[in-house]
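Letter by letter, the chains look like this.
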Amino acid sequence: MIRAILHGVITIFISAIICSFIFALLLKLTSYDETSLQWVMHGFAFLSLFFGGFIAGGKGKERGWMLGGATGIIFTTLIFLFQFLGMDRTFSIEQWGYHVGFLITAMIGGMIGVNVATSRSRSA
């Protein structure tokens, strides 16, 4: 169970790093600014959490909502600690809203991941 959650969190951070690199290149090499790509970046953040929950649920093979939820909570905790300890700021109301959405998205990803993983093992 812990291993599945760890795989999910690692998936989230790897996809976040890749997306950050791509968006940094887009912002540097084009005339786009952060406000024009804001919703696209949020969409990719939600996709990253979904895939992290999906991987956690697929690796765990049971209780996908719990594995996805734990993955989302660990992600939120790490981001909160980074922001609080590194920048001396707490979450705003808007950020809490995003992180609740991240949690729900990771839980849905975990539920789908469990169902995909168990349907593959049944058919094999």
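Heads up: the structure comes first, above all this text.
Note that this is a predicted model, so its numbers are computed, not measured.

Caption draft 1: Region of interest: the layout of surface pockets. The volume enclosed by the largest pocket comes to roughly 770 Å³. Together, 26 residues line the largest pocket, and M41, H42, A45, F75 and F102 are the ones closest to its centre. Taken together, the elements giving at least two residues each to the lining of the largest pocket come down to α1 (2-29), α2 (38-60), α3 (64-87) and α4 (93-123). Among the elements that make up the lining of the largest pocket, the one with the highest residue count is α1 (9 residues). Along the lines of polarity and charge, the residues of the lining of the largest pocket split into 18 nonpolar, 7 polar and 1 charged.

Caption draft 2: Representation of the pattern of salt bridges within the structure. Counting across every chain of the model gives 1 salt bridge. The shortest N-O distance in the salt bridge between R63 and E62 comes to 3.9 Å. Its relative accessible area of 48% is what places E62 among the partly exposed residues.

Caption draft 3: Inspection of the nonpolar core at higher detail. Within the largest apolar cluster, 6 residues are counted, these being I12, L49, F75, Y98, F102 and A106. For this core, the leading source of residues is α4, giving 3 residues. In this structure F102 touches A45, F46, L49 and F75, once residues within four positions along its chain are discounted. Counting 5 residues, the second largest nonpolar core, distinct from the first, contains A4, I5, A56 and L67.

What counts, and where the lines are drawn
Residues numbered from 1 in each chain as written. Predicted model: local features only at pLDDT ≥ 70, side-chain atom pairs only at ≥ 80, totals over all residues. Heavy atoms only, no water. 1 Å grid on protein atoms, 1.4 Å probe; cavity = no way out; pocket = protein on both sides within 12 Å on 5 of 7 lines; lining within 4 Å. Points joined across faces, edges and corners; volume = space filled by probe spheres on them. Helix = DSSP H or I, 4+ residues; strand = E, 2+ residues; numbered from the N terminus. Nonpolar A, V, L, I, M, F, W, Y, C, P; charged D, E, K, R; others polar. Salt bridge = Lys/Arg side-chain N within 4 Å of Asp/Glu carboxyl O. Buried < 20%, exposed > 50% of the residue type's maximum accessible area, 1.4 Å probe, protein only. Core = buried A, V, L, I, M, F, W, Y, C linked by side-chain atoms within 4.5 Å. Contact = heavy atoms within 4.5 Å.

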